[in-house]
Amino acid sequence: MMRRVLMFIPVLLAVALGIVLFAGIGKDPTQLESALIGKPVPVFSLADLQDPDRVHHDDVFQGEVSLLNVWGTWCPSCRDEHDDLVWLARDEGVRIVGLNYKDNRDLALEWLDKLGNPYALSLYDPQGRLGFDLGVYGAPETYVIDADGIVRYRHVGVITPRVWQETLRPVVDQYAKEG
Amino acid sequence: MRPFLIALWLLIMPQVVQATTDVYPFESASEQERFRELISELRCPKCQNQNIADSDAPIAKDMRDEVYRMMQDGATDQQVTDALVSRFGEFVLYKPDFNQRTALLWATPLLAVLGGLLVVVGLVIRARQQGGAEPPLSEEERRRAEQLLRDRDGGV
Amino acid sequence: MYPELGQFSLILALLLAGLLATVPLVGAISGREQLQAFARPLASGLFVFVAIAFGLLTHAFVTDDFSVAYVANNSNSLLPWYYKFSAVWGGHEGSLLLWILMLTGWTLAVAVFSRRLPTVMIAQVLSVMGMVSVGFLLFILITSNPFDRLLPNVPADGADLNPLLQDFGLIVHPPMLYMGYVGFSVAFAFAIAALINGRLDAAWARWSRPWTTVAWSFLSVGIALGSWWAYYELGWGGWWFWDPVENASLLPWLAGTALVHSLAVTEKRGVFKSWTVLLAIVTFALSLLGTFLVRSGVLTSVHAFASDPTRGAFLLGLLAITIVSSLALYAFRAPVVHTRSRYGALSREIFLLLNNVLLVAAMLLVLVGTLYPLVLDYLGAGRLSIGEPFYNVTFSPLAIAVGFLLGAGIFSRWKRTDGGWLGRKLLWPAAISLVLTCATLVVYGGFSPWAFAGLLSACWVAVATFLDLWDKSASRHGRWHGLKRQSRSYYGMVLGHLGVAITMAGATVVSNYGVERDVRMSPGDTAEIGDLRFTFSEVGQRQGANFVAQYGRFDITRDGRLIATLYPEKRQYRVQRNVMTEAGIDAGLTRDLFVALGERVGDDAWAVRLQYKPLIRWLWLGALFMAVGGALAIADRRYRIKVRSGATAKAARRPGGQDEGVAEAV
């Protein structure tokens, strides 16, 4: 009798495995959660993109919930999302800080001139030091940072109106209230 | 003989005079080895399952540079991995830590072998308990057995 | 028109598979021989139509028919003809078609080569294989049709085959691998048939054994080819990455090796029947799991096909139905009654059972390691990575233990082995292995515990194998007569085990004594590894059939004498525009010299990877030995003994019981 019960173990394990595998379908295994969730933005001191003499520090995030958008002119997907970023800044009133990552200053300025500038301010990070400290592994990436400078969420990939509505906006609203 | 000489050379000459520099030069062979091990145990967060030693991706290069920089500053292996994990998450470690979450993972081979051994021991004990020899052959069975043995042409 | 014919052919195949899955099985269960007799012709028809479809797809590739979407995505008019041929299985849809071609091929082989089996058995086995074919044909026709057209906008040219796949490796690796994966479906079908008809005995084990061994041999070759291909193609000299897709091929291999040994015990002694049946089901289940993992996108891998949730879900459904129903059948129908048999603690039965314990533990280790990240993610516990450092520490001890067990087990006898006798027998092998290991360690220089253990295990296996051969070939009429007298199946075992020793030795030495240097070099520079001097003589450019390459010429000298000249390249393919690294390799039985160009550093300098890889070819040589061993084993005389007329009928009518009786001699 006991033996017969033991014979059922393989089939039960198989069913359990099937459930786990089913749950994995459709998920993107390349999407990683940020290691900085709940932690403050790393300390940095970077020049402004437009004004090379001006230096920003991590306190630029104090006082208001912002998005931090990591981009570069070398990144084709960044081009795709740029118009949506402009819309977000202009029509939805979202404060977006730009992080120009591993890029050329002149090319970046030209890009913003031609395509519009959605950024409240732009950080120039040619070495990618802040990007590295944030754990950026592929542009475009966008972080939600609350009014105390704490990282609350990271989205890897382009921002679309749908991504905004379903994913980012709830986070922004939640921390805007608490602020 | 040749391999012996190569090995001897490597053993007694930690700092070989080279006509070229390593991409990541180190003072000693053991540091070089430590670096190589570290970068082979760290995962490139962007690539499709590659370590940062083998990957050509820019982020992998940045990570290699960081590991090198930290080692030059005297960091231990633990400090290096901690620094990268704090930025990129546990995902970048190819060797999972031993903690509550991963206990089952590390225990699997041990549990499997022990379980198997228990079964085998149990079988041996039971076989031993079955005491006497098998029942003797009946006349008919004996004749069949002889017939079979005769028909075989000296096989296995 | 031809692609439509191909699709139609597949539909016909599906119909035939459906008939094959049902008619003979109904005939077997109800005892109607006329229905059972449909099995063989249906199997033939099934294969013919799948082969036609495959032929038509190949035709589309060879004639550059870019109206077929699959051809447009995987080929190009500039592609050399032999790559067009292998591009047929370069993508998801085509490789599935290859899969089903092999499945129906194996089905036909079972139908043809099993004249001696009772018709009822054949009917059931072929029906089960027909069921699997139905599943895969449905999958292909519904979600992965290779004959989908791009009309009316036929592209002018194709998107080209991924440059990584434009290689000899693609021509051989997938077919060999699939022959192995799919071949285990035969053992599976035999197991299911035995569970259905309740005749689970030594005869069943004997019928299953040759099919399992052949599949295992193919899989061994397939895995070795994959390792070899990755080594020279991917540009950094690695030969095994514990990548999920690689693990997916290792899992059925580990279970299959356990199965081959378990079948031996069941055949010879009639014991462990339930376990062997379970192993047969699990081995094929692992093949199917591998298919799912590679194509569903749930795991990240360099080898994975492009994923699609619909396909993933369908494939999972197919997997679930097959595995759950077969394991449920096992749970309900497998015998619980223990066979009365005696075996001592040191009997061959126990040694083989311990072999199974270790191999299954290794299999579970790789399975858990591969799926753990998925499970944790499902539980919301974050993303974990499990890679080489983990497996090196956990898998190696198991492999080494298998070696030690092997050497001792070779001398064990069925039912009972005297402990004292065995111990005495093992003294000489122990001493010789120890000496050999120490000698090797001195030659390569440097002691490391892993190197010592691995080499000791490998030497142990080899020495014990040779000693056993020596013992067995002792004969009054001379050594040569003694050697000739041994059966092919015995030599198969000898070669198989030697293969294990060779592979283990290769893996141990290359992992512990390989040397790697990453240097920055400009033309004119030299670098050294030991007493080998690598000189970067020049850079140049060359045109290939569909790529442009920048190459470097490296002269390798020792004491001023030229040993080899290598031309590593960085290629840019015209169509897909990715840059690929082609390593320069000087191959040798005792060592490989490996040079690869990395990134450009500065104006005229390159990051160059230089490697010295001792005994790396032994890894794959060992697998070849194993495969040849398998082939020898099934060529054994006992599988080719002619049945005396009437014997089969007698055996078929004998009520289900222990051994099958008269028909075939053991």
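Turning our eyes to something else, we now look at the overall build of chain A. Each helix and strand in chain A was counted, giving six helices and seven strands. When the helices and strands of chain A are listed from N to C terminus, the series reads α-α-β-β-β-α-β-α-β-α-β-β-α. At 21 Å, chain A has a C-alpha radius of gyration far larger than the 16 Å of a compact globule built from 179 residues. Overall, chain A is about 80 × 35 × 30 Å in size when its C-alpha atoms are taken along their principal axes. Counting 17 positive and 26 negative side-chain charges, chain A places the averaged centre of each group 11 Å from the other.

What follows covers the overall build of chain C. Helix and strand content of chain C: 21 helices and 10 strands. Here the C-alpha atoms of chain C give a radius of gyration of 27 Å, agreeing with the 26 Å that 2.2 N^0.38 yields for 666 residues. Only carbon and sulfur atoms are counted for the fraction: they give 64% of the accessible area of chain C, which is about 24,800 Å². Here chain C holds 54 positive side-chain charges and 40 negative ones, and the gap between their average locations is 16 Å.

Further remarks concern the pattern of salt bridges. Here the idea is simple: oppositely charged side chains can pair when their charged atoms come close. Inspection of the entire model under this criterion finds 42 salt bridges over all chains. Notably, a salt bridge pairs Glu66(B) with Arg129(A), separated by 3.3 Å at the nearest N-O pair. Taken as a pair, Glu66(B) in helix α3 (residues 58-72) and Arg129(A) in helix α5 (residues 129-134) lie in two separate chains rather than in one. Under the relative-accessibility criterion, Glu66(B) is labelled buried at 4%. Classification of Arg129(A) by relative accessible area gives partly exposed; the value is 36%. One salt bridge connects Arg206(C) with Glu267(C), and the closest N-O pair in it is separated by 3.9 Å. Within this pair, whereas Arg206(C) is found in helix α9 (residues 202-233), its partner Glu267(C) is found in helix α10 (residues 244-269), the two being separated by 61 residues in sequence. By the burial criterion, Arg206(C) is buried, and Glu267(C) matches it. A network of salt bridges, in which partner residues are shared, links Arg129(A), Asp133(A), Glu66(B), Arg69(B), Asp73(B) and Arg87(B).

One open sheet accounts for five strands, arranged β1(B)-β1(C)-β10(C)-β9(C)-β8(C); its pairing is antiparallel. Since the sheet does not close on itself, it has two edges, and those belong to β1 (21-22) of chain B together with β8 (584-586) of chain C, each with one partner. Judged from the nine bridges that link them, strand β9 (residues 591-601) of chain C and strand β10 (residues 605-614) of chain C form a sheet pairing that is antiparallel. Within β10(C), the position partnered with Asp592(C) by the bridge is Lys613(C).

Our next topic: the sheet that holds strand β5 (residues 121-125) of chain A. Residue and element names in this part refer to chain A. Pairing is mixed in the open sheet, where seven strands are placed in the order β2-β1-β5-β4-β3-β6-β7. The open sheet terminates on both sides in strands that have one partner only, identified here as β2 (55-57) and β7 (151-156). For this sheet the average axis-to-axis angle between neighbouring strands, irrespective of direction, equals 30°. Against the sheet, helix α4 (residues 105-115) contacts β1 (45-48), β3 (66-71), β4 (96-101) and β5, and its axis sits at roughly 120° relative to β3.

As a further point, take the side chain of His497(C). Mapped onto the elements, His497(C) comes out in helix α19 (residues 488-513). Leave out the neighbours within four places in its chain, and His497(C) touches His261(C), Leu406(C), Ile410(C), Val461(C) and Thr465(C).

In this structure, Trp106(C), Phe190(C), Trp204(C), Leu254(C), Ile281(C) and Phe292(C) are the most contacted members of the largest nonpolar core, which totals 182 residues. With 19 residues, helix α13 (residues 348-378) of chain C is the single largest residue contributor to this core. Those residues in contact with Leu254(C) that lie beyond four places of it in its chain are Leu359(C), Ala362(C), Met363(C), Val366(C) and Phe395(C). Within the second largest apolar cluster, 50 residues are counted, among which are Val41(A), Phe61(A), Ala53(B) and Val67(B).

The tally for this structure, following the rule as stated, stands at five cavities of 30 Å³ or more. Taken together, 28 residues make up the lining of the largest cavity; nearest its centre are Leu299(C), Thr300(C), Pro373(C), Leu374(C) and Leu384(C). Those elements that provide at least two residues to the lining of the largest cavity are α2 (9-24) of chain A together with α10 and α13 of chain C. Here the element with the most residues in the lining of the largest cavity is α13(C); it accounts for six residues. When its residues are assigned to classes, the lining of the largest cavity shows 15 nonpolar, eight polar and five charged. Forming the boundary of the second largest cavity are 14 residues, of which Asn49(B), Gln50(B), Asn51(B), Tyr94(B) and Phe241(C) lie nearest the centre. Here the residues of the lining of the second largest cavity are counted per class, giving six nonpolar, five polar and three charged.

Before going further, it helps to spend a moment on the packing of aromatic side chains. All names here are of chain C. Enumeration according to the criterion identifies 41 aromatic pairs over all chains in this entry. Taking 4.9 Å as the distance between ring centres and 40° as the angle between the ring planes, the aromatic pair formed by Phe 188 and Phe 284 counts as tilted. Here Phe 188 is found in helix α8 (residues 168-197), whereas its partner Phe 284 is found in helix α11 (residues 273-296), with 96 residues between them in sequence. Across this residue pair, the class does not change: Phe 188 and Phe 284 are buried. Ring centres 5.9 Å apart and planes at 65° place the aromatic pair Tyr 551 and Tyr 567 in the edge-to-face group. Of this pair, Tyr 551 sits in strand β4 (residues 547-558) while Tyr 567 is found in the loop between β5 (561-566) and β6 (569-573), placing the two residues 16 residues apart along the sequence. Stacked on the ring of Trp 414, the Lys or Arg Arg 348 has its end atom at 5.9 Å from the ring centre.

What follows concerns α13(C). All names here are of chain C. In a regular helix each residue adds 1.5 Å, so 31 residues correspond to 45 Å; α13 covers 43 Å between its end C-alpha atoms and thus fits that length. At Leu 371, α13 shows its maximal kink, close to 45°; a proline, Pro 373, follows between one and four residues later. Most of α13 is tucked away: 26 of the 31 residues are buried. Just downstream of α13, Gly 380 is the residue with a positive phi angle, here 75°.

Here the focus is the environment of Pro109(B). Residues and elements named next belong to chain B. The topology assignment puts Pro 109 in helix α5 (residues 103-129). The exposure class assigned to Pro 109 is buried, which follows from its relative accessible area of 10%. Spatially, the C-alpha atoms of Pro 109 and Glu 141 are 46 Å apart, while their sequence positions differ by 32 residues.

A word on the pairing of β1(A). Both faces of the sheet carry side chains from a regular strand, because those side chains alternate between them. All names here are of chain A. As paired elements, β1 and β2 share three bridges and run antiparallel to each other. Directly across from Ala 47, in β2, lies its bridge partner Val 55. Here β1 folds back onto β2, and the loop between the two strands holds six residues.

About the criteria used
- Residues numbered from 1 in each chain as written.
- Chains lettered and ligands numbered in written order.
- Predicted model: local features only at pLDDT ≥ 70, side-chain atom pairs only at ≥ 80, totals over all residues.
- Heavy atoms only, no water.
- Helix = DSSP H or I, 4+ residues; strand = E, 2+ residues; numbered from the N terminus.
- Rg over C-alpha atoms; globule rule 2.2 N^0.38 Å.
- Lys, Arg positive; Asp, Glu negative; His and termini not counted.
- Charge placed at Lys NZ, Arg CZ, Asp CG, Glu CD.
- Areas by Shrake-Rupley, 256 points an atom, 1.4 Å probe, with all protein chains shown as cover.
- Salt bridge = Lys/Arg side-chain N within 4 Å of Asp/Glu carboxyl O.
- Buried < 20%, exposed > 50% of the residue type's maximum accessible area, 1.4 Å probe, protein only.
- Pairing = 2+ DSSP bridges.
- Axes fitted to C-alpha atoms, helices over the stretch in contact; angles between N-to-C directions.
- Contact = heavy atoms within 4.5 Å.
- Core = buried A, V, L, I, M, F, W, Y, C linked by side-chain atoms within 4.5 Å.
- 1 Å grid on protein atoms, 1.4 Å probe; cavity = no way out; pocket = protein on both sides within 12 Å on 5 of 7 lines; lining within 4 Å.
- Points joined across faces, edges and corners; volume = space filled by probe spheres on them.
- Nonpolar A, V, L, I, M, F, W, Y, C, P; charged D, E, K, R; others polar.
- Phe/Tyr/Trp six-rings, centres within 6.5 Å; stacked < 30°, edge-to-face > 60°.
- Lys NZ or Arg CZ within 6 Å of the ring centre and 35° of its normal.
- Expected span 1.5 Å × (residues − 1).
- Bend = angle between axes of the 7 residues up to and from the residue.

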